[in-house]
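One-letter residues, chain by chain:
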Amino acid sequence: GQQVMQIPQYQHVQEGEDFTTYCNSSTTLSNIQWYKQRPGGHPVFLIQLVKSGEVKKQKRLTFQFGEAKKNSSLHITATQTTDVGTYFCLSGGGADGLTFGKGTHLIIQP
Amino acid sequence: GAGVSQSPSNKVTEKGKDVELRCDPISGHTALYWYRQSLGQGLEFLIYFQGNSAPDKSGLPSDRFSAERTGGSVSTLTIQRTQQEDSAVYLCASRQQGSATEAFFGQGTRLTVV
């Protein structure tokens, strides 16, 4: 799989504040997927981005794929306690194993 | 089945014993992946199966770890002579063939080596 770097590793926000996590690669990615893992749970698929410059929205979540297809971001507007968890990006496929970023742990303080 | 099933959900074993962890993927999913996740950490890739073959075993931490998949379905991850550092949650995922498909995860097996 293609190696991706994810930042930040941890993010503390007050409830209602916005949150952004970034995934960066040194090589062009064929696609990128985002997953969310709640505390004590398993990763669950959120979305996939394929096209250069693609932007997708899911309620308060906005996902972007960079023009060069080397980076991606997930932005949450006005965080809620239900947003707590770890957000992973993933690239790779075909004959490769799936390589996840290390994840961003979102901690929300009420 | 409806989802990826892993068993057991929890396993406590004594140091030095062997353990087998099982993953039953979604029917028809040709790709199967094993990951290890320590508390508060990311997903450490272990091994990947395409059908019954394992093109990528690069993530197996040592020769105490092995995995097999039979009939293109169920996979077993075996850890021999377990050590305390093997304690973690072992997650299995499956997906349909192709790079643009989502991965479905099982609930994981929490392994504790005492």
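You'll find the structure just up there.
Residues numbered from 1 in each chain as written. Chains lettered and ligands numbered in written order. Predicted model: local features only at pLDDT ≥ 70, side-chain atom pairs only at ≥ 80, totals over all residues. Heavy atoms only, no water.

Asker: Residue-level account of the sheet that holds strand 7 (residues 65-69) of chain B, with values.
Answerer: Residues and elements named next belong to chain B. Read from one edge to the other, the open sheet built from 4 strands follows the order 1-3-8-7, with strand pairing classed as antiparallel. With partners counted over all chains shown, the strands left at the sheet margins are strand 1 (5-7) and strand 7, one partner each. Strand after strand, the sheet turns through a mean of 15 degrees between neighbouring axes, direction not considered. As defined by bridge partners, strand 7 adjoins strand 8 (residues 75-79) across 5 bridges and the pair is classed as antiparallel. Bridge pairing links Ala-67 to Leu-77 in strand 8. (Pairing = 2+ DSSP bridges. Helix = DSSP H or I, 4+ residues; strand = E, 2+ residues; numbered from the N terminus. Axes fitted to C-alpha atoms, helices over the stretch in contact; angles between N-to-C directions.)

Asker: Quick one: what's the story with the interface of chain A and chain B, residue by residue and with numbers?
Answerer: The partner chain B presents 20 residues to the 20 residues of chain A that form the contact. Buried area between chain A and chain B, both sides added, is near 1,700 Å², and the carbon and sulfur share of it is 51%. When residues of chain A are sorted by the area they lose upon contact with chain B, His-42, Leu-98 and Phe-100 of chain A head the list and together hold 31% of the total. Taken together, the links from chain A to chain B amount to 0 salt bridges. Here chain A and chain B share 5 residue pairs in polar contact (both at pLDDT 80 or more) between them. Going through the elements one at a time, strand 4 (32-37) and strand 5 (44-49) of chain A are the ones with two or more residues in the side of chain A that touches chain B. Ranked by residue count, the leading element in the side of chain A that touches chain B is strand 4 of chain A, at 3 residues. Here the residues of the side of chain A that touches chain B sort into 8 nonpolar, 10 polar and 2 charged. (Contact = heavy atoms within 4.5 Å. Buried area = accessible area lost by both parts, 1.4 Å probe. Salt bridge = Lys/Arg side-chain N within 4 Å of Asp/Glu carboxyl O. Polar contact = N/O pair within 3.5 Å; in protein donor to acceptor, adjacent residues only side chain to side chain. Nonpolar A, V, L, I, M, F, W, Y, C, P; charged D, E, K, R; others polar.)

Asker: Could you give an account of the state of the cysteines, with specific residues and numbers?
Answerer: Evaluated as defined, the whole model comprises 2 disulfides over all chains. Disulfide pairing is shown between Cys-23 of chain A and Cys-89 of chain A; the S-S distance is 1.7 Å. Taking the sign of the torsion about the S-S bond as the criterion, the disulfide between Cys-23 of chain A and Cys-89 of chain A, at about -95 degrees, is left-handed. Taken together, the positions of Cys-23 of chain A in strand 3 (residues 19-24) and Cys-89 of chain A in strand 9 (residues 85-91) put the pair 66 residues apart, joining distant regions of the chain. Under the relative-accessibility criterion, Cys-23 of chain A is labelled buried at 1%. Paired by a disulfide, Cys-23 of chain B and Cys-92 of chain B hold their sulfur atoms 1.8 Å apart. (Disulfide = S-S within 2.5 Å. Buried < 20%, exposed > 50% of the residue type's maximum accessible area, 1.4 Å probe, protein only.)

Asker: Mind laying out the sheet that holds strand 1 (residues 5-7) of chain A, listing which residues take part and the relevant values?
Answerer: Backbone hydrogen bonds hold the strands of a sheet together, and the pairing may be parallel or antiparallel. Residue and element names in this part refer to chain A. Sheet architecture is open: 5 strands sit in the order 1-3-8-7-6, paired in antiparallel fashion. Of all strands in the sheet, those bounded by a partner on one side alone are strand 1 and strand 6 (55-58). In this sheet, adjacent strand axes meet at a mean angle of 15 degrees when their direction is disregarded.

Asker: Please provide a residue-by-residue account of the packing of aromatic side chains, values included.
Answerer: Applying the stated criterion across every chain yields a total of 11 aromatic pairs over all chains. Plain terms: the ring middles of Tyr-35 of chain A and Phe-45 of chain A are 5.6 Å apart, the flat faces sit at 75 degrees to each other, and that makes the pair edge-to-face. Of this pair, Tyr-35 of chain A sits in strand 4 while Phe-45 of chain A sits in strand 5, and the two are 10 residues apart along the sequence. According to the relative accessible area criterion, Tyr-35 of chain A is buried, its value standing at 0%. With relative accessibility at 23%, the residue Phe-45 of chain A sits in the partly exposed group. Both rings, one in Tyr-35 of chain B and one in Phe-45 of chain B, keep their centres 5.9 Å apart while their planes meet at 70 degrees; by these two values the pair is edge-to-face. Here Tyr-35 of chain B is found in strand 4 (residues 31-37), whereas its partner Phe-45 of chain B is found in strand 5 (residues 44-50), with 10 residues between them in sequence. Just as Tyr-35 of chain B is buried, Phe-45 of chain B falls in that class too. (Phe/Tyr/Trp six-rings, centres within 6.5 Å; stacked < 30°, edge-to-face > 60°.)

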